[in-house]
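# Architecture and fold: a report
If you want the building blocks of each chain, they are given just below.
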Amino acid sequence: MPTSKITYLGELRTEAVHLQSGTQIVTDAPVDNHGKGEAFSPTDLTATSLGSCAMTIMGITARRDEIDFTGSTIEVTKIMSADLPRRIVKIEVNFNMQTPEELSEEVKQKYIRVAHTCPVALSLHPDIAQVFNFNWHVAETV
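Scope of this entry: the structure provided in the associated data block. (Residues numbered from 1 in each chain as written. Predicted model: local features only at pLDDT ≥ 70, side-chain atom pairs only at ≥ 80, totals over all residues. Heavy atoms only, no water.)

## Let's talk about the overall build of the chain
- If you tally the helices and strands in the chain, you get 3 helices and 6 strands.
- The linear arrangement of helices and strands in the chain, starting from the amino end, is β-β-β-α-β-β-α-α-β.
- Dimensions of the chain along its principal axes, counting C-alpha atoms only, are 50 × 35 × 35 Å.
- Across the chain, the fraction of contacts at a sequence separation of at least 24, relative to all contacts at a separation of at least 6, is 52%.
- Put simply, the chain shows about 9200 Å² of open surface, and 54% of that area lies on carbon and sulfur atoms.
- The averaged location of the 18 negative side-chain charges in the chain is 6 Å from the averaged location of its 12 positive side-chain charges. (Helix = DSSP H or I, 4+ residues; strand = E, 2+ residues; numbered from the N terminus. Contact = heavy atoms within 4.5 Å. Areas by Shrake-Rupley, 256 points an atom, 1.4 Å probe, with all protein chains shown as cover. Lys, Arg positive; Asp, Glu negative; His and termini not counted. Charge placed at Lys NZ, Arg CZ, Asp CG, Glu CD.)

See below:
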């Protein structure tokens, strides 16, 4: 069964529908590549997928370990090539990990390793630099 159906809407815009859930994503070409930049570009989605996948795999492991990462965030920066062909050359993923209590260095390293083994990280071309930076902090209690 197909995963998604993509329709070209014109004006360098597409609509992708996830067939199992019906969830929709609109993409737009970026301003620096003849588009309007009003939605994620396809390469934005690639970079964003890396961060989302890493956090999901960490969350699966954390659930098993009974560690709560709720409220953790990621900021993703995508760097495109300056020369042709146009391509992603680097994805920087900055993790701001929030936990209820301080984690040991050994546990932190475990999650860093897990992040690097997510399916998207393992699927990207090796010429794309993947830089993961982690900032760990304890959540404030209310």
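Okay, back to it.
## Comments concerning the sheet that holds strand β4 (residues 73-80)
- Pairing within the open sheet is mixed, and its 3 strands lie in the order β4-β5-β6. Among the strands making up the open sheet, the edge pair consists of β4 and β6 (129-138). Strand-to-strand twist of the sheet, defined as the mean angle between neighbouring strand axes without regard to direction, takes the value 10°.
- Where β4 lies against strand β5 (residues 88-99), 8 bridges are found, and the strand directions are antiparallel. Opposite T73, over in β5, you have N96 as the bridge partner. (Pairing = 2+ DSSP bridges. Axes fitted to C-alpha atoms, helices over the stretch in contact; angles between N-to-C directions.)

## A look at the side chain of S81
- Mapped onto the secondary structure, S81 falls in the loop between β4 and β5.
- When its relative accessible area of 11% is taken as the criterion, S81 is described as buried.
- There is a polar contact of 3.2 Å between the side chain of S81 and the backbone oxygen of P85.
- When residues no more than four places from it in sequence are discounted, the contact partners of S81 are R86, R87 and V89. (Buried < 20%, exposed > 50% of the residue type's maximum accessible area, 1.4 Å probe, protein only. Polar contact = N/O pair within 3.5 Å; in protein donor to acceptor, adjacent residues only side chain to side chain.)

## Quick look at empty space enclosed by the protein
- Here the structure, examined in full by the defined rule, presents 1 cavity of 30 Å³ or more.
- Space inside the largest cavity adds up to approximately 30 Å³.
- Considering the residues around the largest cavity, the lining is formed by T99, E101, E102, L103, K108, W136, H137 and V138.
- At 3 residues, the largest contribution of residues to the lining of the largest cavity is made by β6.
- Taken together, the residues that form the lining of the largest cavity break down as 3 nonpolar, 2 polar and 3 charged. (1 Å grid on protein atoms, 1.4 Å probe; cavity = no way out; pocket = protein on both sides within 12 Å on 5 of 7 lines; lining within 4 Å. Points joined across faces, edges and corners; volume = space filled by probe spheres on them. Nonpolar A, V, L, I, M, F, W, Y, C, P; charged D, E, K, R; others polar.)

## Digging into the nonpolar core
- L50, M58, F69, I91, F95 and W136 are the most contacted members of the largest nonpolar core, which has 26 residues in total.
- Those elements giving two or more residues to this core turn out to be α1 (42-65), β5, α2 (105-116) and β6.
- With 7 residues, α1 is the single largest residue contributor to this core.
- When near neighbours in sequence (up to four residues on either side) are disregarded, M58 contacts F69, F95, M97, Y111, V114, A115, F134 and W136. (Core = buried A, V, L, I, M, F, W, Y, C linked by side-chain atoms within 4.5 Å.)

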